[in-house]
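# Descriptive structure summary
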Amino acid sequence: MTAYAEVIGDPIAHSKSPLIHRFWLEALGLDGDYRATRVAPDELGAFFAERAADPAWRGCNVTVPHKVACLDHLADPGGVRASIGAINTVFRAEDGSLAGTNTDAAGFWAPIADLDLAGRPVTVIGAGGAARAILWALARVGVGRVTLLNRNPLKGAALLASFGLKGEALPLAAGTPPAALLVNATSLGMTGQPPLDLDLSPLPAEALVYDIVYAPLETPVLAAARARGLDTVDGLEMLVGQAAVAFAILFGQEPPRDRDDELRDLLT
Ligand code: ATR
């Protein structure tokens, strides 16, 4: 019986998760599989009931549009519903029940863990599921004022309040004030989407610009940041980072991160 895990979403064909997890399974010589499964919103309950009864199933990653809806079908051992409010990984708890957790926050934080952001101003663009995990991570390290730019500032203000962050939510057109870190947590700049059109000139020379979009790898905002000589982190770092935490949960072994260069080549 080959153990397997999967990523569920709707649509799902574009997902890079199978490439990442299969690369690690093969690198570790594990007898396991990882696939992509399209699950429509009204199929979630039946999907989990069926998988719960399959002893070969180790769990799944969860992407758009199920990251919040999944919580209705799962145990919540880490209190994700009350904290981040969205999950991206489902696994079997010790008592056999299905449980949800969120590895996006750890995946976001890993590449910038050395930055001292305590009390420093940051700008986050977006107020969706990814922004929730990012704001939760930023709140945990005690960042200073947060400027949240979003096309719907009311939604942004509600997010800031729910994470106990000081700052303000503004429309995208307001632009960024000076900040130590600027994060694009929207899909703007992704292939087929409009670019994130933001004037980076208020950012100081030591600012870091982080884009969660990974297709293309060099987004317009990262290109603009590099042209200004600013440090950057691209979306593959968070993608691989969240997958690494999920892989350890799903397959019980740490993935071989010393092979990240090969993995990045495979993904680009
Ligand atoms: P994810 O789970 O990847 O965060 P999401 O929850 O759909 O996906 O969130 C996408 C984010 O990108 C949201 O903040 C969305 O803005 P709204 O909060 O106003 O919905 C933002 N976004 C997507 N397309 C956009 C566009 N064309 N212009 C501005 N913002 C956009």
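Residues numbered from 1 in each chain as written. Predicted model: local features only at pLDDT ≥ 70, side-chain atom pairs only at ≥ 80, totals over all residues. Heavy atoms only, no water.

## A closer look at the site of the ligand
The test is simple: When at least one non-hydrogen atom of a residue lies within 4 Å of a molecule or strand, that residue is treated as near it. For the purposes of these results, a polar contact is taken to be a pair of N or O atoms within 3.5 Å, where, inside protein, one atom must be able to donate a hydrogen and its partner to accept one; residues adjacent in sequence count only when each atom of the pair is a side-chain atom. Using the Shrake-Rupley algorithm and a 1.4 Å probe, accessible areas are obtained, with residue cover drawn only from the displayed protein chains. Polar here means any residue other than Ala, Val, Leu, Ile, Met, Phe, Trp, Tyr, Cys and Pro, which are nonpolar, and Asp, Glu, Lys and Arg, which are charged; Gly is therefore polar.
The immediate surroundings of the ligand are formed by 13 residues, with Ala 127, Gly 129, Ala 130, Arg 151 and Lys 155 found nearest. Asn 150 is positioned with one of its side-chain polar atoms (N or O) 3.3 Å from an oxygen atom of the ligand. Arg 151 has a polar side-chain atom sitting 2.8 Å from an oxygen atom of the ligand. When the free accessible area of the ligand is taken as 640 Å², the share hidden by the protein chains comes to 71%. When the residues that make up the shell around the ligand are grouped by side-chain class, the tally is five nonpolar, six polar and two charged.

## Details of the pattern of salt bridges
The condition that has to hold: Salt bridge, as applied in this entry: a Lys or Arg side-chain nitrogen positioned within 4 Å of an Asp or Glu carboxyl oxygen. Strands are runs of DSSP state E lasting at least two residues, helices are runs of H or I lasting at least four, and both sets are numbered from the N terminus onward.
Within the structure shown, the criterion is met by 11 salt bridges. Salt-bridge contacts for Asp 10 lead to Arg 38; the nearest nitrogen and oxygen are separated by 3.0 Å. With Asp 10 in the loop between β1 (3–9) and α1 (17–28) and Arg 38 in strand β2 (residues 32–38), the pair connects residues that are 28 residues apart, well separated along the chain. Overlapping salt bridges, with partners in common, bring together Glu 6, Glu 50 and Arg 51 in one network.

## Quick word on helix α4 (residues 129–140)
Spelled out, the test is: Expected helix span is taken as 1.5 Å per residue step, with the number of steps being one fewer than the number of residues. Accessible area is worked out with a 1.4 Å probe on protein chains only. A residue is then buried under 20% of its type maximum, exposed over 50%, and partly exposed in between. Here a residue-residue contact requires only that any non-hydrogen atoms of the pair lie within 4.5 Å.
The end-to-end C-alpha distance of α4, which contains 12 residues, comes to 17 Å, matching closely the 16 Å that a straight helix rising 1.5 Å per residue would cover. Here α4 has its buried residues at Ala 130, Ala 131, Ala 133, Ile 134, Leu 135, Ala 137 and Leu 138. As for α4, its buried residues are in contact with α3 (104–109), β6 (122–125), β7 (146–149), α5 (153–162), β9 (181–184) and α7 (235–251).

## A few points about the sheet that holds strand β10 (residues 208–211)
Here is the rule we go by: Strands qualify as paired when DSSP identifies two bridges or more between them. Note on method: axes are straight lines fitted to C-alpha atoms, helices fitted across the in-contact stretch only, with angles between N-to-C directions ranging 0 to 180 degrees.
If you trace the six strands from one edge of the open sheet to the other, you get β8-β7-β6-β9-β10-β11, paired in parallel fashion. Where the open sheet ends on each side, the last strands, each with one partner, are β8 (167–170) and β11 (231–233). With strand direction ignored, the average angle separating the axes of adjacent strands in the sheet is 15 degrees. In this structure, β9 lies alongside β10, joined through four bridges in parallel fashion. Note on β10: the bridge partner recorded for Leu 181 is Leu 208. The strands touched by α5 within the sheet are β7 and β8, with β8 carrying the most contacts at an inclination of about 155 degrees.

## Considerations on the sheet that holds β1
Spatial strand order, β2-β1-β3-β4-β5: five strands in an open sheet with mixed pairing. Whereas interior strands pair on both sides, the edge strands pair on one side only; in this sheet they are β2 and β5 (98–101). The sheet shows a mean angle of 25 degrees between the axes of neighbouring strands, direction not considered. Here four bridges tie strand β4 (residues 89–92) to β5, and the two strands are oriented antiparallel to one another. Looking at β5, one finds that Val 90 is bridged to Gly 100. In the packing of α1 onto the sheet, the strands contacted are β1, β2 and β3 (57–62), and the crossing angle to β2 comes to about 175 degrees. Together, β1, β2, β3, β4 and β5 form the strand contacts of helix α2 (residues 44–52), whose direction differs from that of β1 by roughly 175 degrees.

## Points about the pairing of β3
Within β3, five of the six residues are buried, leaving the element largely enclosed by the surrounding structure. Alignment of β1 against β3, held across five bridges, turns out to be parallel. If you follow Tyr 4 over to β3, its bridge partner there is Trp 57. Summarising the sheet, β3 and β4 pair through three bridges and their orientation is antiparallel. Looking at the pairing, Gly 59 lines up with Phe 91 of β4.

## Topic: the side chain of Asp 104
Summarising the element assignment, Asp 104 is placed in helix α3. Given a relative accessible area of 6%, Asp 104 falls into the buried group. At a separation of 3.1 Å, a polar atom in the side chain of Asp 104 contacts the side chain of Asn 88.

## Examining the domain arrangement of the protein
Interface size, as often reported, equals the accessible area lost upon joining of the parts. Definition in use: Where each domain starts and ends follows an automatic or database-derived domain assignment. Summed over both partners, buried area is the accessible surface (1.4 Å probe) that two parts give up on being assembled.
Domain assignment breaks the protein into domain 1 (3–102 + 238–267) and domain 2 (106–233). Look at where the C-alpha atoms of domain 1 and domain 2 centre, and you get two points 25 Å apart. Taken together, the contact between domain 1 and domain 2 spans 11 residues of the former and 12 residues of the latter. Summing the contributions of domain 1 and of domain 2, the shared interface buries around 1000 Å²; its carbon and sulfur component is 74%.

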